[in-house]
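# Observations on the model geometry
The residues making up each chain are set out below.
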Amino acid sequence: MQKTIVLGVSGGIAAFKAAQLTSDLIKKHYDVEVIMTKNATEFIAPLTFEALINHNVVVDTFEKVANRSIHHISLAKKADLFILVPASANVIAKVAHGIADDMLTTTFLACNKQKVICPAMNTQMYENPITQENLQRCKKLGYTILEPAVGHLACGDNGKGKLCDLTDILHYVDTYFQQNDSLKGKHVLITAGPTQEALDPVRYLTNHSSGKMGYSLAQAALDMGAEVTLISGPVQLTPPTGVHFYPVTTAMEMFEAVRTRSAQADFIIKAAAVGDYRPVHVSEQKIKKKGDHLQIEFVKNPDILAYLGEHKKPGQIICGFAMETQNLLANAQEKLEKKHCDMIVANDLHTEGAGFQSDTNIATILDRFQRIPCPKMSKYELGVTILEHMLTLCTQGEQ
Ligand code: PMT
């Protein structure tokens, strides 16, 4: 399940760093909600956060938000973790004493999840015994304090009070949610995106795959501790940091890249939308416009998934995808059997929120014994679900 982090941004020069943190958390597939104090909006506009999280930032306690009647309560309930970043001396004093006089402090008080405070302020303010007492009080209340760093401060002073490193906050978050290590020691090979088959130097045949499904799977596998190889057709996405990345263009190139790396993989997931055919001849020159009809002869590409099914190594788990526009489950079942995979993820292109391009998918996982419906969820969440099911099949196979 995707985790929700509520970021409480209070007024301070380090408020701009909360925007970078938001972006980093989103990249790690956390769901982020942002609450700002009025003072924080003097340092950075809510619009910056809204562009990053793709929905409203809350500042006013009495602001009306669709479907959220008592917003501070709904946000408090939604949170899996509450982080105050930067936490000003004023906000620290308020949360230490249960003062709830704006949206941020009201939601903070209403939230019963883990709270993290990242102070950032002038050294004298930080070292002031009142602030120190407030921080001690917060610690006693069970809140985590990520200590500020020593450095050059915006006011010109050198000393303690600089917001801690964002990597420390990210590390805390990841550790807190125990980005689980269930795939530690496993090597996962994933294919993603479309293939392109050239007709001539200017034209090619392809499909609408964005690569989002495959790249989300790669990120999920990394987060679960796996070593990941990602073989991708041409897409506009940046490969997740840490994967072994092999870009390819044609189905033949993808076949070669997979064939030569498949033996080392424990899990293989074929999320790529591979072209079934390629032109027999690729014209060296641009094909000229002639007559009303143009005939191009195609030859079949190797079926990479079927090849993997036939050359399966002992203990290896192979997962295919079935992209259908009709008879979803019957066609997926046929592919499962014909291509000798352990499981197949069926998605229907005609269902809104599923298939190409979207950030979500709606699918059914089929294996030899069962069908598991996966309702609409992010492609990352589906990635985790798929990998967890592969792990179950792997464990069953070992017994
Ligand atoms: O990339 P996105 O925009 O996020 O979209 C995701 C997706 C719709 C592309 C993805 O979820 C998906 O369904 N991928 C499989 C697309 C596909 O080629 O389906 P298929 O039913 O035509 O093929 C069945 C399986 O055989 C697939 O695992 C495919 O990778 C594999 N195949 C197909 C042909 C071929 N020559 N070699 C193969 O390995």
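All values derive from a computational prediction rather than experimental measurement.

## Quick look at the overall build of the chain
Regarding its fold elements, the chain presents 14 helices and 19 strands. Considered along the principal axes of its C-alpha atoms, the chain spans approximately 80 × 60 × 40 Å. Counting over 399 residues, the chain shows a buried share of 50%. Across the chain, every contact between residues at least 6 apart in sequence was considered, and the portion connecting residues at least 24 apart equals 66%. Roughly 20,000 Å² of accessible area belongs to the chain as shown, and the carbon and sulfur atoms make up 52% of that amount. Taking the average location of the 39 positive side-chain charges in the chain and that of its 42 negative ones, the two points are 1 Å from each other.

## A word on the site of the ligand
Around the ligand, the surrounding shell holds 28 residues, and the nearest of these are Ser 209, Ser 210, Lys 335, Asn 347 and Gln 357. Contact distances for the ligand include 2.9 Å between a nitrogen atom and a backbone N or O atom of Ala 271. In this structure, Lys 339 approaches the ligand through a side-chain N or O atom, which is 3.0 Å from an oxygen atom. Mapped onto the shell around the ligand, the elements with two or more residues apiece are helix H10 (212-223), helix H12 (304-310) and strand S16 (317-324). The element contributing the most residues to the shell around the ligand is S16, with 4 residues. Each residue belonging to the shell around the ligand can be placed in one class, and the counts come to 12 nonpolar, 9 polar and 7 charged.

## So, the packing of aromatic side chains
By the definition in use, this model includes 7 aromatic pairs. Here Tyr 176 and Phe 177 contribute two aromatic rings whose centre-to-centre distance is 5.1 Å and whose plane-to-plane angle is 70°, an arrangement assigned as edge-to-face. The exposure class assigned to Tyr 176 is partly exposed, which follows from its relative accessible area of 35%. Overall, Phe 177 belongs to the buried group, its relative accessible area being 15%. Between Tyr 215 and Phe 245, the ring centres sit 6.5 Å apart and the planes meet at 65°, which makes this aromatic pair edge-to-face. In this pair, Tyr 215 sits in helix H10 while Phe 245 sits in strand S12 (residues 244-247), placing the two residues 30 residues apart along the sequence. The ring of Phe 108 carries Lys 115 above its face, with NZ or CZ at 4.9 Å from the centroid.

About the thresholds
Residues numbered from 1 in each chain as written. Predicted model: local features only at pLDDT ≥ 70, side-chain atom pairs only at ≥ 80, totals over all residues. Heavy atoms only, no water. Helix = DSSP H or I, 4+ residues; strand = E, 2+ residues; numbered from the N terminus. Buried < 20%, exposed > 50% of the residue type's maximum accessible area, 1.4 Å probe, protein only. Contact = heavy atoms within 4.5 Å. Areas by Shrake-Rupley, 256 points an atom, 1.4 Å probe, with all protein chains shown as cover. Lys, Arg positive; Asp, Glu negative; His and termini not counted. Charge placed at Lys NZ, Arg CZ, Asp CG, Glu CD. Near = heavy atom within 4 Å. Polar contact = N/O pair within 3.5 Å; in protein donor to acceptor, adjacent residues only side chain to side chain. Nonpolar A, V, L, I, M, F, W, Y, C, P; charged D, E, K, R; others polar. Phe/Tyr/Trp six-rings, centres within 6.5 Å; stacked < 30°, edge-to-face > 60°. Lys NZ or Arg CZ within 6 Å of the ring centre and 35° of its normal.

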